Amino acid sequence: MKDYSIFDVIGPVMVGPSSSHTAGAVKLAKTAMELSEKGFYKVIFYLHGSFAKTYKGHGTDKALVAGVLGFEPSDERVKHSLDIAKSNNLTIEFKEIEFEYAHPNTAKIEFHYLNSPSFFVIGSSIGGGNVVITNINGDDVEFTGQYPTILLKYIDKKGMISQISTILSNNEINIASMKVTRSNNLATFVCETDNLITDSAKEEILKIKDIEIAKFINPVRS
Amino acid sequence: MYNKAFDVIKLCEQENKKISEIAILKEAKMRNLTEKDVIDEMKSVLEIMKKSATSGLESPIISHSKITGGNAVKINNYLNSNKSLSGDLINKAMAMAVSTSEVNASMGVICAAPTAGASGILPSSILNAKEKLGSSDEDLVNALFTAAVIGELATKNATVSGAEGGCQAECGVAASMSAAAIVEMAGGSPIDSFNAASFALINVMGLICDPVAGLVEYPCFLRNASGVVNAFVSADLALAGVQSLIPFDEVLEAMYKVGKSLPETLRETALGGIATTPAAKEIARRFYNGTTE
Ligand code: SF4
């Protein structure tokens, strides 16, 4: 039987009113923001299902905007995020969308930049404040952001995975799960680890040739 | 370390410890922390709870949807008028439970216990038991660990989600957690705590989830008020020596089965119960048309 922390039961500390529509929405958008490049001037939120239907009442809009501003689900400022975004000159739009076979609380979060192409992340808030990221810029993925996560995109060739896993094990980082998908000659690599990803591990991974995109997410307990 | 109430009781007896002590040891071991670390973490939770349970008492808090609010103040004023039928403790407990519910509905900061919708019950229970018993903050922190064990057992063996098990799984489990916690504060044994936890859950077995307009507001705050009363009643029954005929593990299993056999319309979908009354539909219609004020 899965063991729970006491603070999974008494917790999370969060802004209300709903762990899936509010706290989970903050976390979803924050994870998306961490995957994106800095310097976006506009974010468009495409809302699906129950997110689209009840976002006003649960403050899902404020929660999502708080997430892209980098706030935690327990931050008092979540409530005022729309005003904060405005004073930061960040443009925000909400649109309804229908995804096929998606979880009811799903959003596509699209980041816009002045001098580079836009970038999007799709994910769902699956209850209790937990989220799952299912697509990054067109690549299907699946991770929760609950564990430290490494996300890489590289030109597919032999020996990449063993290079990466050697670096991790040399840095005493234990792999919890790993998934690699390929399209054309590009591979998308998602790996969740048991230990925090250290700066030295990041540096070594970034030195590997032919890695086009690398993202590292270390979760904060909230 | 434990998956059932049976295991917890055995551990308490073998090691001559309270439920809270077992919980602190388990948490420290599981996360490789010191006991002091986990106790400190719980202290910060207690501070959040104190704030949410009192901030709605003096000035009205209106919900984010503007559909509900200001009721904690009303209950508190009524209590101060000395006219209440059910007395100071019960009215104060209801006011404080509703305060947290209102903080939640207004996008304020709360601690889910076990969920955001039911978050008013536990803070109010322990804070009002403290008033009555003259307990210390340390006792409150311990009580939160005891409550968490009940919630953990419910999470492992049943559910604490309204969408899966109805409100019995949210406000019912919250009352159950609270009852066990305040029994320990009052000096009851682990078995007394589990008796109280059983009573609280049995009292609301089958309670559905039917939020008006699909929002965590109404009847949620009412069920936080009745939930804290349920906790006190159940705790007193157990402390008086009333025994539960059904062990807590079996009560949980029964609750889970009842939850699963509830039709989906009565599990958070707002498609049944009071959510589909004409009045509720009108509130929902006005809200989604943007004309609530
Ligand atoms: S009625 Fe439903 S939403 Fe409200 S507290 Fe109960 S379970 Fe939660």
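Caption draft 1: A look at the overall build of chain A. Scanning chain A from N- to C-terminus turns up seven helices and eleven strands. Here chain A has a C-alpha radius of gyration of 18 Å; the compact-globule value for 222 residues is 17 Å, and the two agree. Referenced to the eigenvectors of the C-alpha coordinate spread, the extents of chain A come out at roughly 50 × 45 × 35 Å. Expressed as a percentage of its 222 residues, the buried residues of chain A come to 51%. Pairs at least 24 residues apart make up 65% of the contacts formed inside chain A by residues separated by at least 6 positions. About 10400 Å² of surface is accessible on chain A, with carbon and sulfur atoms providing 48% of the total. Placing the 23 positive and 26 negative side-chain charges of chain A at their respective mean positions leaves the two points 3 Å apart.

Caption draft 2: Highlighting unusual backbone geometry. Geometrically, the link from Gly11(A) to Pro12(A) is a cis peptide bond, its omega value of 0° lying close to zero. Its location among the elements puts Pro12(A) in the loop between helix H1 (6–9) and strand E1 (13–15). With omega at 15°, the peptide bond leading from Tyr218(B) into Pro219(B) counts as cis. Here Pro219(B) lies in the loop between helix H10 (190–203) and helix H11 (220–239). Of note in the backbone geometry, Asn16(B) takes a positive phi value of approximately 55° without being a glycine. Note that Asn16(B) resides in the loop between helix H1 (5–15) and helix H2 (19–30). The phi dihedral of Met107(B) is positive, around 65°, even though this residue is not glycine.

Caption draft 3: Main features of the site of the ligand. Inspection of the region around the ligand gives Gly117(B), Cys167(B), Glu170(B), Cys171(B), Cys209(B), Cys220(B) and Arg223(B) as its neighbouring residues. In the shell around the ligand, the residues fall into four nonpolar, one polar and two charged.

Caption draft 4: Structural view of a nonpolar patch on the surface. A contiguous nonpolar surface patch, about 380 Å² in accessible area, is contributed by Ile202(B), Met205(B), Leu245(B) and Ile246(B). Note on placement: Ile202(B) falls in helix H10.

Conventions used here
- Residues numbered from 1 in each chain as written.
- Chains lettered and ligands numbered in written order.
- Predicted model: local features only at pLDDT ≥ 70, side-chain atom pairs only at ≥ 80, totals over all residues.
- Heavy atoms only, no water.
- Helix = DSSP H or I, 4+ residues; strand = E, 2+ residues; numbered from the N terminus.
- Rg over C-alpha atoms; globule rule 2.2 N^0.38 Å.
- Buried < 20%, exposed > 50% of the residue type's maximum accessible area, 1.4 Å probe, protein only.
- Contact = heavy atoms within 4.5 Å.
- Areas by Shrake-Rupley, 256 points an atom, 1.4 Å probe, with all protein chains shown as cover.
- Lys, Arg positive; Asp, Glu negative; His and termini not counted.
- Charge placed at Lys NZ, Arg CZ, Asp CG, Glu CD.
- Near = heavy atom within 4 Å.
- Nonpolar A, V, L, I, M, F, W, Y, C, P; charged D, E, K, R; others polar.
- Patch = residues over 30% accessible without salt bridge, like charges linked within 9 Å, V, L, I, M, F, W, Y side chains within 5 Å.
- Salt bridge = Lys/Arg side-chain N within 4 Å of Asp/Glu carboxyl O.

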